[in-house]
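Results of the structural survey
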Amino acid sequence: MDFVSKYQGVVGRVFGNDNSTSDDDSYVERLLDRISNGTLADDRRNAMAELQSIVAESYAAQLAFGAMGFPVLLSVLKEERDDVEMLRAAIETLVSAVSPTQHPKLSKNEVQPALMNSDLLSREVENISLLLSLLSEEDFYIRYYTLQLLTALLTKSPTRLQEAILTIPRGITRLVDMLMDREVIRNEALLLLTYLTREAEEIQKILVFEGAFEKIFSIIIEEGGSEGGVVVQDCLELLNNLLRNNTSNQVLLRETIGFDPLVSILKLRGTTYKFTQQKTINLLSVLDTITLLVNADLQTDTGRDSNGLTNRTVLVQKKVLDYLLMLGVESQWAPVALRCMALRCIADLVIDHAKNRDVLASKLLGEEPQVEPALNSILRIILRASSTQEFVAADYVLKNFCEKNPDGQSMLVSSLHPQSSSTVRSPFEEDVNASFGSMLLHGLTSSESDDDVEICCRAASVLSHLLKDNIQCKETVLQVELEAPTRSLGGAEPLMHRLVKYLALVSSKKSEDGKASTFGSVYSYPVILKLLIIWLFDCPPAVECFLNSHPHLTYLLELTSDQTATVCVRGLAAVLLGECISYNKTIDNGKNAFSIVDAVSQKIGLTSYFSKFNEMQNSSLFTSAKPSLTRKPLSRSNAASMSEIENVEEDDSIDPNSDDYSMLAMVFDSQFVDFVKRLDAKIREQIVEIYSHPKTQVAVVPAELEQKSGEIDEEYIQRLKRFVEKQCLEIQELLSRNATLAEDLARVGGSEPSQLERKVSAGSERVQVETLRRDLHETSQRLEALKAEKSRIEAEASMHQSAASKMESDLKSLSAAYNSLEEVNFQLEREVKALKSGGSVPASADIEAIKAEAREEAQRESEAELNDLLVCLGQEQSKVEKLSARLSELGVDAAALLDGIGEDMGLDGDDDDEEEDEED
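These figures come from a predicted structure and were not determined experimentally. (Residues numbered from 1 in each chain as written. Predicted model: local features only at pLDDT ≥ 70, side-chain atom pairs only at ≥ 80, totals over all residues. Heavy atoms only, no water.)

**Regarding the overall build of the chain**
In plain terms, the rule: The numbering of helices and of strands both runs from the N terminus, where a helix is a DSSP run of H or I of at least 4 residues and a strand a run of E of at least 2. Residues count as neighbours in contact if any of their non-hydrogen atoms are within 4.5 Å of one another. What sets the accessible areas is the Shrake-Rupley method with a 1.4 Å probe; for residues, cover comes only from the shown protein chains.
Check the secondary structure of the chain and you find 49 helices and four strands. For the chain, long-range pairs separated by at least 24 residues make up 73% of all intrachain contacts whose partners lie at least 6 apart in sequence. Working note: accessible area of the chain is about 45600 Å², and carbon and sulfur atoms make up 51% of it.

**Quick word on the pairing of strand β2 (residues 370–373)**
Side-chain positions along a regular strand alternate between the two faces of the sheet. The line we're drawing: In this analysis, strands are considered paired if DSSP registers two or more bridges between them.
Pairing geometry for strand β1 (residues 364–367) and β2, over four bridges, is antiparallel. Residue pairing across strands places L364 opposite P373, the latter belonging to β2. In sequence, β1 turns back onto β2 through a hairpin of two residues.

**Some details on the pattern of salt bridges**
The criterion, for reference: What counts as a salt bridge is simple: a side-chain nitrogen of Lys or Arg found within 4 Å of a carboxyl oxygen of Asp or Glu. Whether a residue is buried, partly exposed or exposed follows from its accessible area with a 1.4 Å probe, protein chains only, as a fraction of its type maximum: under 20%, in between, or over 50%, in that order.
Counted according to the given criterion, the structure contains 29 salt bridges. A salt bridge links K205 to E201, with the shortest nitrogen-to-oxygen separation between them at 3.6 Å. Placement of both K205 and E201 in helix α14 (residues 201–209) is noted, with a separation of four residues, approximately one turn of the helix. One salt bridge connects D669 with K399, and the closest N-O pair in it is separated by 4.0 Å. Of this pair, D669 sits in the loop between α42 (659–667) and α43 (670–692) while K399 sits in helix α26 (residues 388–402), and the two are 270 residues apart along the sequence. The pair formed by D669 and K399 is uniform in burial state, with each residue classed as buried. A cluster of three or more residues bridged by salt bridges with shared partners is formed by D42, R45, D83 and E85.

**Thoughts on helix α38 (residues 593–603)**
Within α38, the full set of buried residues consists of A593, S595, I596, V597, A599 and V600. Remark: G605 follows α38 within two positions and exhibits a positive phi of approximately 95°.

**Considering the packing of helix α13 (residues 183–196) against helix α16 (residues 230–243)**
Helix packing geometry: the angle between the two helix axes and the distance between the axes. For the record, the criterion: Fitted lines through C-alpha atoms serve as axes, helices being fitted only where they are in contact, and the angles separating the N-to-C directions of these axes extend from 0 to 180 degrees. Should the near helix be turned anticlockwise from the far one by less than a right angle, the crossing is left-handed, and should it be turned clockwise, the crossing is right-handed. Three categories are distinguished: nonpolar for Ala, Val, Leu, Ile, Met, Phe, Trp, Tyr, Cys and Pro, charged for Asp, Glu, Lys and Arg, and polar for the others, with Gly belonging to the last.
Relative orientation of the contacting elements α13 and α16 amounts to 30°, with a least axis distance of 9 Å. As α13 runs across α16, the sense of the crossing is left-handed. Where α13 abuts α16, its residues R186, N187, L190, L191, L193 and T194 lie against V231, D234, C235, E237, L238 and N241. In terms of residue class, the contact of α13 with α16 is built from six nonpolar, three polar and three charged.

**Considering the packing of aromatic side chains**
Our working definition: Between rings of Phe, Tyr and Trp, where Trp is taken as its six-membered ring, a pair exists when centres lie within 6.5 Å; planes separated by under 30 degrees are stacked, by over 60 edge-to-face, and by other angles tilted.
Within the structure shown, the criterion is met by 13 aromatic pairs. Aromatic pair F140 and Y144: ring centres 6.0 Å apart, planes at 10°, arrangement stacked. Of the two residues, F140 and Y144 both sit in helix α10 (residues 140–156), four residues apart, roughly one turn of that helix. A relative accessible area of 15% means that F140 is categorised as buried. Classification of Y144 by relative accessible area gives buried; the value is 18%.

**Quick look at the packing of α10 against helix α11 (residues 158–167)**
Selection criterion: Reported orientations rely on four angle classes, namely roughly parallel under 35 degrees, roughly antiparallel over 145, roughly perpendicular from 65 to 115, and oblique for the rest.
Interaxial distance between α10 and α11 falls to 6 Å at its minimum, and their mutual angle equals 125°. Comparing the axis directions of α10 and α11 gives the class oblique. Within the contact between the two elements, α10 uses L150, L153, L154 and K156 and α11 uses P158, L161 and Q162. Taken together, the residues of the contact of α10 with α11 sort by class into five nonpolar, one polar and one charged.

**Describing unusual backbone geometry**
One non-glycine residue, R170, lies in positive phi territory at about 60°. The residue R170 is located in the loop between α11 and α12 (171–177) in this model. Overall, the relative accessible area of 54% leaves R170 in the exposed class.

As structure tokens, this is what we get:
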């Protein structure tokens, strides 16, 4: 055959340049010649038996067979179907050819005969079709060895064999029919189908169409459910392969057979509840099936369908929560791995499902009178479990219960009440009537009496779930105050301050060799820091409470720059500092955002501060973050190891397989990592804003702004103007320098450089624009003030012009009266002269007396009016002079305004003087 020639060179390298000199090679060749050309049936059967024996035992013979034996044996399978013994031996020889032999470990460059032979046999679809046709033979061993051969080929070349079987008509049907065969054949067929359905969606659908679900559950019931052997394990693994990432198969199972057969496997039978290794593996497999069903939406697109939500609803309706609580919470005699898996299933059932959360919250465990809520029992496991794996699983339950569940968070937080000293120091395991909140507070304060912060750390993880994304709960817990451990320390202290104290307590715990204690050095810092980060996020009252104690900020600055701390601890401390800046609403000096940024700049350096973010995000914990409690599918290869998880002591090193690493993986899950990355960008943006904008509040008014005694208003205004101009120049220079500095900082360590650089690159331009806008506004205000002053002065000038016009009119009237009086006087004088000429002396004397009296009276009246007029003119002249000076300061020509005023009056006065001269 053609495919044999491709391996001739490989065989030559193994056996030497001259193949004929190899004893094994020649022996295999002679046996193949006897099989193909022998005339006696017994001789050919004996040759086949010898060939099978040597191929199963010899590495060289196995390799030689692959080069030249397949054509001979495939010919036997095709042409000698009536010789059952010969056919059986040929199939058995092929199985030996693709199975590894007992040979020293091969190097990477050496050929592995089993892989080579598997590749040769599975290369042609006709060969697979020929093997499937043998399944219809009546001989038990032919069917048995054929299934073994197909299974061996699947383990070596799964993709090629899956494609080949799909192209063969009724290929899958023949394999499914084997499930109804005798027990040994059924078990081999079950194992074959388990390998065949791994990541082969089309084959999965065909198997379900052929009734695989009914056959699987029939076998499980026949084998005794969870009490059965490895066959039940294979059935459940096949079931999981059919359901994994296959929505249509899950819907079909739910709507046809239902989940009752699956749930019934979880029922614990008997009174002793003995858990053998195989029973544990079978139960783990069932729990893995439930996990696949309830996480359907989480593994695909949550918005595409609600299959997982429906599965959760149906499973809880089938009372699966009762069995899971029995396995995970009440059955403390069950293996640790089984309890952990059951707790994870409970967590998956309640996530994003309001009704299931309510069902869990209403569950009561135990027997009267020792009953308590299920959530209390789970919290008790969190606080007292000796296995880190069990604590992580129980914590996962409360995490999912609180996720997007503000009502549930408020319910649990409402039970947080300060406890008396005697109550706090009593063992919480002894009181089943203790509330959820009292047990949690006990855990948060237990290190005071137990000298161990591990319980506090576990309680802090629970508290972080209660506070996440719930402002009301954050503010409520801020009001919780704890009794001071001793009277000398004063009154009660906030819970937050006690947690910060525990951070310092962890750093002070040292082992005998001077190294930090295992728990403190690995994950106590991250857990408590994570709680504080969640607490302060978007909660200004929490930030204010944290900063109320000045040593907190100092300690946080030291922790951020502590080179002995881990990269993640320094990064989380930097994030906490950033929250004190971003969500800081206080205006007190030393506590506001500006003061904290100044403290960071002086004690750490902004470039070094931002580098803490980058170091943390480049760490392995961040880059390898996965969704909470992700796990590999359960199979024969890893089931035994998963079932043997036991309580182990923590190790100093952070091994990826250790409990410490699983704890850190719980802290730095993908959800928290994404949250920190978004928070990092916000913190950088906020610091840029602080550096790019001036401080709006002025706390102290400089003394030079006060008006000095004896200083006139004009001098005071000029001095203020010079002071303000100087301050404006200094502020603009400072803003420009800060904007440039912020831009450099963002370029140095920005996690999202494109967005931040666009924002801060315009910092200088924004400062310049704001400066120009401010100058324009001031100029506009000054122009408006000048316009108003000009209008006022013009109004005053107009008023004075009107007064002058009135005075001019009064003067004209007075002049006219005086002229009239002079005319009367002149007439009287002529009459007197006429009388004198007539010679009447007494009459003339009387007339002269009357004339003199009239002249004196007129003169008195005229002088009084002239005096009043001159006083008014003097006052008006003084006002005109002042207005002229003010107009000159403002740049208005006063002469133009006064032009023409008083000319007519002057002319009239001159005429009167001339008339008086003429009369004289």
